[in-house]
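Analysis of the macromolecular model
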Amino acid sequence: MKQPRFLALAALVLSFVVLLAACGSEGGDTDTDDQPAAGGTSGSEEPEGPDCAVDSLALYQEGQLTIATDKPAYEPWFKGNDPTNGKGFESAVAYAVAEEMGFTRDQVEWVVEPFNKSYAPGPKNYDFDINQISITPKREEAVDFSEGYYDVNQALITLEDSDIADASSVTELKDAKLGAQVGTTSFAYIQQYIEPSDQPFTYDNTNDAKSALRAGQIDGIVVDLPTAFFITAVEIPGSKVAGQFTTQGAAPEQFGLLFESGNPLVECVDQAITTLKDDGTLAQIQDEWLSQAVDAPVIE
Amino acid sequence: MLGDRRAVLVSSVSTIVFFVVLGAAIFLAPGSREVAHDFFSFEAMREALVGTNTTPSVLSSFWLNVRMFLVAEVFILVLALVIAVIRQMPGPALFPLRLVAVIYTDFFRGVPLLLVIYIMGFGIPGLAIPGISDRSPVVLGVAALVLSYSAYVAEVYRAGIESVHESQVIGARSLGLSRWQSMRFVVLPQAVRRVIPPLLNDFISLQKDTALVAVLGPIEAARAAAIYGSDRFNYSSFVVAALLFILLTIPLARFTDHLVARDRKRRRGGAMA
């Protein structure tokens, strides 16, 4: 008499699990709304290009532009750890892009996305991420990038009395103990182009790297040039920007806005960025927030 | 007999059905092909294991974990024993020592290991004590592991010591052994043998916790796996690192079983088959 009850239970469990599996996980892809242009709101100049009128954009959340960045939001890219104030290079760029696309300031919503998660493949819960993310071919396989909005150079920070504080070539760094944030192009640069004899240290975030430099556990940190200037000017007394590294490879490293793979919004954002470049807004923002990041000696 | 056979049949069938259903749920899931590629790609595992021009080798980074836990374990076993013995020493004169031992175990079992590592890894260099502050992050990390784990292992030893029956001590004392001699020759050998499984448990746990030292900078296996993962977007490196840890754990666990069985056989003295 126990047999039929067991079979009934097994059948129930089986059907329940198969039901779960069949439902699967929702993809979370943004819906593409293919409506014809609703009469250009900001006077778009390309009649045959993608439709970039604000009302017909494919957004993560309707009616708002959802932008992601990390927490803490480091200077000089943001100010006061608050992306909403429009201060700091990346905050200013984000709001400029939003305005160019036809959004008002209140339509911009910020969410938090840790740096290391941002360029991993998979659905995103934002429209784009702005967080000093360099465009690399590997990352482009997993996510989509906009046009670059800033040309990056890697730089070296050391303490003023360090042996490598006056290094002028990469060979002088071979015996140095270097550090970088894990998963960054800075770390990849060390591995590929500096190739120190002692394996570099990696840190979960720039704060830990700074602690290590202060503690003398590493001789230098490799990080992008503007961040390097901020760290040496404000955060670590007695440190200096030893120099900036040359660009390796054909094209300069660039920061780009990061999108979920296949997001149709990229084209409209690219249009906005191109316009900002052409009319000088981007250069102006750069002058305002990143002006010191130009004069550092070059380390060959 | 009939009932037995039916019981075996029912339990086997239900186990098989359970795993088939679980497997079906996993393989029928919409993302299963991507997961197979992203987590179980042999090519990626091989690449991660030996390293590439932008990522360190998981295998050689694993060697750092091994060195760390071998060194740490030696210190832990000794320090924890000292603390456990101090804790159970009687007499009012030794009260301050006992108090220190109690505070030590409470404190280091209370504070999360990660915090201990951070505080020691970045705080001690900040103190700028010559000879101590300029130790490498690996040394500071191992020191943090030793301090933290000794608190747990001391309690394990204490449980072993207290499990040795009172009559053993009484017998030893009546034979003329001093308190220290009865501890050393009668109680401790029995106590330690009894707690070998939990000691091994803590040792295995220690092997995994060496991964936390990566926050101080050194690249160990799990960090090397993470570097590969964020460079290539393939997380098979994590599976490879996990396999390395498992490969270490299984022989150790079987060795402990062997030790325990051998000890049990000795104590029975061949009385039971």
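With that out of the way, let us pick up the overall build of chain B. Secondary structure assignment for chain B yields 12 helices and 0 strands. Taken from the N to the C terminus, the helices and strands of chain B come in the order α-α-α-α-α-α-α-α-α-α-α-α. Here the C-alpha radius of gyration of chain B, 24 Å, is well above what a compact globule of 273 residues would show, namely 19 Å. Within chain B, buried positions represent 32% of all 273 residues. Partitioning the intrachain contacts of chain B with sequence separation of at least 6 by distance along the chain shows that 73% fall at a separation of at least 24.

All names here are of chain A. Spatial strand order, 7-6-8-5-9-11: 6 strands in an open sheet with mixed pairing. Bordering the open sheet on either side are strand 7 (201–203) and strand 11 (298–299), each of which pairs with just one other strand. The strands touched by helix 6 (residues 206–214) within the sheet are strand 5 (154–159), strand 6 (178–181), strand 7, strand 8 (220–224) and strand 9 (239–245), with strand 6 carrying the most contacts at an inclination of about 160°.

Residues and elements named next belong to chain A. By the secondary structure assignment, Thr185 is in helix 5 (residues 185–194). The exposure class of Thr185 is buried, given the 24 C-beta atoms found within 10 Å. If we skip the residues at most four places from it in the chain, Thr185 touches Ser134, Thr136 and Glu253.

Residues and elements named next belong to chain A. With 7 of its 8 residues buried, strand 10 (residues 253–260) lies for the most part within the structure. Taken together, the 7 bridges between strand 4 (residues 143–152) and strand 10 define a ladder with antiparallel strand orientation. By the bridge assignment for strand 10, Tyr150 is matched with Phe255.

With that settled, consider unusual backbone geometry. Residue and element names in this part refer to chain A. Residue Pro72 is bonded to the preceding Lys71 through a cis peptide linkage, with omega at 0°. If you trace the backbone, Pro72 turns up in the loop between strand 1 (65–69) and helix 2 (89–101). Of the consecutive residues Glu75 and Pro76, the connecting peptide bond is found in the cis state with omega at -5°. For Pro76, the location among the structural elements is in the loop between strand 1 and helix 2. Located in the positive-phi region is Asn81, a residue other than glycine, with phi close to 55°. Within the secondary structure, Asn81 is located in the loop between strand 1 and helix 2. A tally of 12 C-beta atoms within 10 Å means that Asn81 is categorised as exposed. Of note in this structure, Glu195 is not a glycine but carries a positive phi near 50°.

Turning our eyes to something else, we now look at the pairing of strand 6 of chain A. Residue and element names in this part refer to chain A. Along strand 6, one buried face is formed by Leu178 and Ala180 and the opposite face, lined by Gly179 and Gln181, is buried too. Here strand 6 pairs with strand 8 via 2 bridges, running parallel. Bridge assignment links Gly179 to a residue of strand 8, and that residue is Ile221. In this sheet, strand 7 lies alongside strand 6 in parallel orientation, the contact comprising 3 bridges.

What follows covers the domain arrangement of chain A. Residue and element names in this part refer to chain A. Structurally, chain A comprises domain 1 (54–152 + 251–299) and domain 2 (154–245). On a C-alpha basis, the centroid separation for the pair domain 1 and domain 2 is 25 Å. Contact with domain 1, which involves 16 residues of that partner, is made by 19 residues of domain 2. When the residues that make up the side of domain 1 that touches domain 2 are grouped by side-chain class, the tally is 9 nonpolar, 5 polar and 2 charged.

Here the focus is the interface of chain B and chain A. Counting residues at the interface gives 29 residues for chain B, matched by 34 residues for chain A. For the side of chain B that touches chain A, the secondary structure elements donating two or more residues are helix 1 (2–28), helix 6 (113–127) and helix 11 (221–232) of chain B. Per element, the largest residue contribution to the side of chain B that touches chain A is 7 residues, and it comes from helix 1 of chain B. The residue makeup of the side of chain B that touches chain A, split by class, is 18 nonpolar, 7 polar and 4 charged.

Within the largest apolar cluster, 88 residues are counted, with the highest numbers of intra-cluster contacts made by Ala155 and Ile157 of chain A together with Val58, Tyr157 and Ala225 of chain B. Ranked by residue count, the leading element in this core is helix 7 (residues 137–163) of chain B, at 13 residues. Ala155 of chain A has contacts with Val223, Asp224, Leu225, Ala228, Val241, Gly243, Gln244, Phe245 and Ala296 of chain A, leaving out every residue within four places of it along the chain.

A word on the packing of helix 8 (residues 166–174) of chain B against helix 9 (residues 179–194) of chain B. All names here are of chain B. At a closest axis distance of 10 Å, the pairing of helix 8 and helix 9 adopts a crossing angle of 155°. Between helix 8 and helix 9, the crossing angle belongs to the class labelled roughly antiparallel. With respect to the hand of their crossing, helix 8 and helix 9 are arranged in right-handed fashion. Contacts from Gln168, Val169, Ala172 and Arg173 of helix 8 reach helix 9 at Ser182, Val186, Val187 and Gln190.

Here is what the cut-offs are and how they apply
- Residues numbered from 1 in each chain as written.
- Chains lettered and ligands numbered in written order.
- Predicted model: local features only at pLDDT ≥ 70, side-chain atom pairs only at ≥ 80, totals over all residues.
- Helix = DSSP H or I, 4+ residues; strand = E, 2+ residues; numbered from the N terminus.
- Rg over C-alpha atoms; globule rule 2.2 N^0.38 Å.
- Buried ≥ 20, exposed ≤ 12 C-beta atoms within 10 Å, placed from the backbone.
- Contact = placed C-beta atoms within 7 Å.
- Pairing = 2+ DSSP bridges.
- Axes fitted to C-alpha atoms, helices over the stretch in contact; angles between N-to-C directions.
- Domains from an automatic or database assignment.
- Nonpolar A, V, L, I, M, F, W, Y, C, P; charged D, E, K, R; others polar.
- Core = buried A, V, L, I, M, F, W, Y, C linked by C-beta atoms within 7 Å.
- Parallel < 35°, antiparallel > 145°, perpendicular 65-115°, else oblique.
- Left-handed = near helix turned anticlockwise from the far one by under 90°.

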